[in-house]
Amino acid sequence: MARFPRGSSAPHLLYSFFNSSKSTRPSPHSPTSALLLGNFHLRQFSSSAVRAKDDKEPWWKESMEHLRNIGISAHIDSGKTTLTERILYYTGRIHEIHEVRGRDGVGAKMDSMDLEREKGITIQSAATYCTWNGYQVNIIDTPGHVDFTIEVERALRVLDGAILVLCSVGGVQSQSITVDRQMRRYEVPRVAFINKLDRMGADPWKVLSQARAKLRHHSAAVQVPIGLEEDFQGLIDLVQMKAFYFRGSSGENVVAEDIPEDMAAFVEAKRRELIETVSDVDDKLADAFLADEPISASDLEEAIRRATIARKFIPVFMGSAFKNKGVQPLLNGVLNYLPCPIEVNNYALDQTKDEEKVMLGGNPEGPLVALAFKLEEGRFGQLTYLRIYEGVIRKGDFVVNINTGKRIKVPRLVRMHSDEMEDIQEAHAGQIVAVFGMDCASGDTFTDGSVKYTMTSMNVPEPVMSLAVQPVSKDSGGQFSKALNRFQREDPTFRVGLDPESGQTIISGMGELHLDIYVERIRREYKVDATVGKPRVNFRETITQRAEFDYLHKKQSGGQGQYGRVTGYVEPIPLGEGSKFEFENMIVGQAIPSNFIPAIEKGFKEAANSGSLIGHPVENLRIVLTDGASHAVDSSELAFKLAAIYAFRQLYTAAKPVILEPVMLVELKVPSEFQGTVAGDINKCVRSILSLTPHFFAFFLLPQVPLNNMFGYSTSLRSMTQVRQRFF
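Rules and cut-offs
- Along every chain, residues carry numbers that run from 1 in the direction the sequence is written.
- Reporting in this predicted model follows two pLDDT cut-offs: at least 70 for local features of residues, and 80 or more for side-chain atom pairs to be given and counted; totals over whole chains, interfaces and linings ignore these cut-offs and use all residues.
- Derived side-chain values reflect all non-hydrogen atoms in the structure, with water molecules and hydrogen atoms excluded from consideration.
- Pairing of aromatic rings covers Phe, Tyr and Trp, the last through its six-membered ring, and needs centres within 6.5 Å; plane angles under 30 degrees mean stacked, over 60 mean edge-to-face, and all others mean tilted.
- In this text, helices come from DSSP runs of H or I with a minimum length of four residues, and strands from runs of E with a minimum of two, each type numbered from the N-terminal end.
- Per-residue accessibility, obtained with a 1.4 Å probe over protein chains only, is compared with the maximum for each type, and a residue is labelled buried under 20%, exposed over 50%, and partly exposed between these values.
- Remark: a charge is flagged as sitting over a ring if the NZ atom of Lys or the CZ atom of Arg is within 6 Å of the ring centre and within 35 degrees of the ring normal.
- What a helix should span is 1.5 Å times the count of its residues minus one.
- The contact criterion used is simple: two residues touch if any of their non-hydrogen atoms lie within 4.5 Å.
- Helix axes use the C-alpha atoms of the stretch in contact, all axes being lines fitted to C-alpha atoms, and the angles between their N-to-C directions lie in the range 0 to 180 degrees.
- Under this scheme an angle from 65 to 115 degrees is roughly perpendicular, one under 35 degrees roughly parallel, and one over 145 degrees roughly antiparallel; angles in between are oblique.
- Crossings are assigned a handedness: left-handed for a near helix turned anticlockwise from the far helix by less than a right angle, right-handed for a clockwise turn.
- Gly is put with the polar residues, along with every residue not named as nonpolar or charged; the nonpolar set is Ala, Val, Leu, Ile, Met, Phe, Trp, Tyr, Cys and Pro, and the charged set is Asp, Glu, Lys and Arg.
- A side-chain nitrogen of Lys or Arg and a carboxyl oxygen of Asp or Glu constitute a salt bridge if their distance falls within 4 Å.
- Here, any two strands with at least 2 DSSP bridges between them count as paired.
- pLDDT measures the predictor's confidence residue by residue and takes values from 0 up to 100.
- Every patch collects residues that have over 30% relative accessible area and no salt bridge, joining them within 9 Å if they carry like charges and within 5 Å if they are nonpolar side chains (Val, Leu, Ile, Met, Phe, Trp, Tyr).
- Residue exposure ignores everything except the shown protein chains as possible cover, and the areas themselves are Shrake-Rupley values with a 1.4 Å probe.
- Charge counting treats Lys and Arg as positive and Asp and Glu as negative, with His and both chain ends excluded.
- Note that the charge is assigned to NZ on lysines, CZ on arginines, CG on aspartates and CD on glutamates.

Let's talk about the packing of aromatic side chains
Move 1: For the structure on display, the rule yields 13 aromatic pairs.
Move 2: Note on Phe-317 and Tyr-337: the rings are 6.1 Å apart at their centroids and 40° apart in plane angle, and the pair reads as tilted. Of this pair, Phe-317 sits in strand β11 (residues 314-318) while Tyr-337 sits in helix α13 (residues 327-337); the two residues are 20 residues apart in sequence, bridging distant segments of the chain.
Move 3: Judged by its relative accessible area of 4%, Tyr-337 is buried.
Move 4: By the ring-pair criterion, three or more aromatic residues cluster together here, those being Phe-487, Phe-494, Tyr-518 and Tyr-526.
Move 5: The ring of Tyr-129 is capped by Arg-415, whose NZ or CZ atom sits 4.0 Å from the centre of that ring.

Below, the structure written as structure tokens:
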């Protein structure tokens, strides 16, 4: 792949472009403008300034510093999509504000699926981009429901920063804890945004205390609300010490005023609390604070940025996205406190050096390294979302999939704005783009072939629920299979399997809503109606005592007849001996010719495949053949096979059969406050509880539960624990 040559040619390119474009804007389709206008912050340079800059630092560094990749994550119904809608409006990406659920017939921009607009929830993460104060911000809006947690997982895997949205009424909720855990896993710096201050019962200080206690956040407010609930009017910035009010029909005019006198003492106390909290984790600010030196707004802002990027502090913003208040200061906070791509340590594994860790500096001049983190089936084929960590990718380039070794051409390169696409010619390190026509799997790494790096994979949780599904019409089997294959490729937590015993198609996922959404999508997108039910549990039957058999099968219908007699007994095999079916021939002499013995064994095995109690296979039995009789003309393999089958059916009742059911060993990790509720509930359906072990603020429960009782248990457990349990 072509790269920018080192030395003075790249700055010269910048200088030449600026020199020739003072009065006219270049075509957005030219490679030069794609480099500068599409992905980077622009600034006028003189030739001497370019040379001085080139001597001190790379030409691309300042442009990379004006780039942010962020995700917006929270518990369901905390206002993530509403917040994203306001961000897009204030940055000029959209020109009208529409609400979630599509009450106006349009719906929020980031909820592009009909199901999302109908249900009022985000099902798939959606990517977009915008510009604010000369910075380019790439945004991924993620779902809040626990069933779609993989969307949050793979978004956080590729982002440099995040906004954790908290509801000022609901506070820190179950999925808030899950999302925060995911942010810690991928070491993502974050800011918090306490939303819905206009609602009745709003209490941001209670939410801040909960974040410190439940999420173990080292955090402090950087803003103070002016009024709450119906009286919420604006915000006071504790860094700048200014009051901000949001005027206009959509809050687009931010007016800065002096702090109200009646709030001056409270604001001073909160600013001192902010300085003390940041001083605990930032030595430079701590020195100034302990020396009782005056701390300027710029000093405090720089200290908050250092501590946030180091993941030692979380600044807390406030507002009401629905009422159009507090969004612009939050955007400023994203630029001021969250890192740019070159401030985050990203590592690849060098496959030529036994997976040695290699740090990626985010250099556009380096070899291409990109990670495919999400797949979608688009109108023009498979759409692959890429995060570029180093180098440049261009339309028409050949790239190498390190996981498969295949060399692939990039036929089309786009930037996403929800479900809309903008064609671009190239994209550089730090960008999030999408590519059509690249056959790959989620988690594959692409390079230009000069290096053999792979990125570490993301965490994929195991499914917790299964359903049996089949198409209503046999004619739609092809479309049904096509849909299941597509959804498996797109979603790593959606699994499809075939039960070899029952022949049922089993789909597994993260919960009832997760599977219901896919069944509904099969109906809408592929026009296939499917029936859904509880998967058939594979019970077993066995016998409990010895029983004798002596059966004669004789049939004469003209010509050669059928004759076969089998005598012997059946007895149970003790559990734990390993064998499930044994057949022994104890006949002395030639009462039955030896060539008929395999047919007798086959007959008993066939009969044992379906017991008479519930029709499930019979296990743990030993059949002993002691005697029998044959006929010189009428005996045959079929006759002895039928004799064995009927003999088994005759003796089965006398052997006192019982039903065996599969029992699962389940490990649950549950918060301590729900110990009584969960233990009491599980006692109703368990065979025994093997252990109950306390562990910090939680406890481990190890019960043995019949599989038949486990169906739907994950849903009831989530209800009991507010979605804060973990299955193993």
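As for helix α17 (residues 637-652)
Move 1: Look at α17: 23 Å from first C-alpha to last across 16 residues, which is about the 22 Å you get at 1.5 Å a residue.
Move 2: In this structure, the buried residues of α17 make contact with β29 (540-543), β30 (547-555), β31 (562-572), α16 (597-608), β33 (621-629) and β34 (657-660).

Regarding the packing of α16 against α17
Move 1: Here α16 crosses α17 at 40°, and the two axes come no closer than 7 Å. Taken together, the axis directions place α16 and α17 in an arrangement best described as oblique. Remark: the crossing between α16 and α17 carries right-handed chirality. Two secondary-structure elements touch here, α16 through Ala-599, Ile-600, Lys-602, Gly-603, Phe-604, Glu-606, Ala-607 and Ala-608 and α17 through Glu-637, Phe-640, Lys-641, Ala-644, Ile-645, Ala-647 and Phe-648.
Move 2: By residue class, the composition of the contact of α16 with α17 is ten nonpolar, one polar and four charged.

Remarks on the pattern of salt bridges
Move 1: A complete count under the given rule lists 34 salt bridges for this structure.
Move 2: The salt bridge partner of Asp-160 is Arg-387, with a shortest N-O separation of 3.1 Å. You can see Asp-160 sitting in the loop between α7 (149-158) and β4 (161-167) and its partner Arg-387 sitting in strand β15 (residues 381-390), a full 227 residues away along the chain. This pair shows no difference in class: Asp-160 is buried, exactly as Arg-387 is.
Move 3: In this structure, Glu-525 engages Arg-486 in a salt bridge whose closest nitrogen and oxygen atoms are separated by 2.8 Å. Placement of Glu-525 in helix α15 (residues 512-526) and of Arg-486 in helix α14 (residues 477-490) is noted, with a sequence separation of 39 residues between them.
Move 4: Using a relative accessible area of 37% as the deciding quantity, one classes Glu-525 as partly exposed.
Move 5: Residues joined in a network through salt bridges with shared partners are Glu-151, Arg-154, Lys-374 and Glu-376.

Brief notes about the side chain of Asn-324
Move 1: For Asn-324, the location among the structural elements is in the loop between β11 and α13.
Move 2: On the accessibility criterion, Asn-324 (11% relative accessible area) is buried.
Move 3: The residues touching Asn-324, leaving out its near neighbours within four places in the chain, are Arg-86, Tyr-90, Ile-97, Phe-246, Ser-249, Ser-250 and Gly-251.

A word on the pairing of strand β12 (residues 346-350)
Move 1: Most of β12 is tucked away: four of the five residues are buried.
Move 2: Bridge analysis of β12 against strand β13 (residues 356-360) gives five bridges, and the strand direction is antiparallel. Following the sheet pairing, Leu-349 is matched in β13 by Lys-357.
Move 3: Counting the residues that bridge the hairpin from β12 to β13 gives five residues, and of these Asp-354 lies at a positive phi of roughly 55°.
Move 4: Relative to strand β24 (residues 453-455), β12 is paired through three bridges, and the arrangement is antiparallel. Bridge pairing in β24 places Ala-348 opposite Met-455.

Some thoughts on the environment of Ser-176
Move 1: Locating Ser-176 in the fold gives a position in helix α8 (residues 174-185).
Move 2: The exposure class assigned to Ser-176 is buried, which follows from its relative accessible area of 1%.
Move 3: When the C-alpha positions of Ser-176 and Leu-166 are compared, they lie 7.4 Å apart, and in sequence the two are ten residues distant.
Move 4: Leaving out residues up to four positions away in the same chain, Ser-176 has contacts with His-75, Leu-164, Leu-166, Gly-171 and Leu-215.

Things to note about the confidence of the model for the protein chain
Move 1: Taken residue by residue, the protein chain gives an average pLDDT of 83. The fraction at 70 or more is 88%.
Move 2: Ranking the elements of the protein chain by mean pLDDT puts helix α1 (residues 9-20) last with 33 and β11 first with 95.

Regarding a nonpolar patch on the surface
Move 1: Taken together, Leu-613, Ile-614 and Ile-659 make up a surface patch of nonpolar side chains, about 250 Å² in accessible area.
Move 2: With respect to the helices and strands, Ile-614 occurs in the loop between α16 and β33.
Move 3: A relative accessible area of 38% places Ile-614 in the partly exposed class.

Thoughts on α13
Two residues of an α-helix separated by three or four positions point the same way, owing to the 3.6 residues in each turn.
Move 1: Across the eleven residues that make up α13, a large majority, nine, are buried.
Move 2: All buried positions along α13 are accounted for by Val-327, Gln-328, Pro-329, Leu-330, Leu-331, Gly-333, Val-334, Leu-335 and Tyr-337.

Quick look at the sheet that holds strand β10 (residues 253-257)
Move 1: Pairing is antiparallel across the open sheet formed by four strands, whose spatial order is β7-β8-β9-β10. Looking along the sheet, the strands with just one partner apiece sit at the ends: β7 (223-226) and β10. Across the sheet, the axes of successive neighbouring strands diverge by a mean angle of 30°, strand direction being ignored.
Move 2: With five bridges joining them, strand β9 (residues 242-247) and β10 adopt antiparallel strand pairing. The residue bridging Phe-246 from the neighbouring strand is Val-254, located in β10.

What about the side chain of Asn-620?
Move 1: For Asn-620, the position within the fold is in the loop between α16 and β33.
Move 2: On the accessibility criterion, Asn-620 (10% relative accessible area) is buried.
Move 3: Excluding residues within four positions of it along the chain, Asn-620 makes contact with Thr-542, Glu-571, Pro-572, Ile-573, Leu-575, Ser-579, Lys-580 and Leu-660.

Things to note about a negative patch on the surface
Move 1: A surface patch of like charges, here negative, comprises Asp-283, Asp-287, Asp-292, Glu-293, Asp-299 and Glu-302.
Move 2: Elements represented by at least two residues in the negative patch include exactly α11 (283-290) and α12 (297-309).
Move 3: Relative to the elements of secondary structure, Asp-283 occurs in helix α11.

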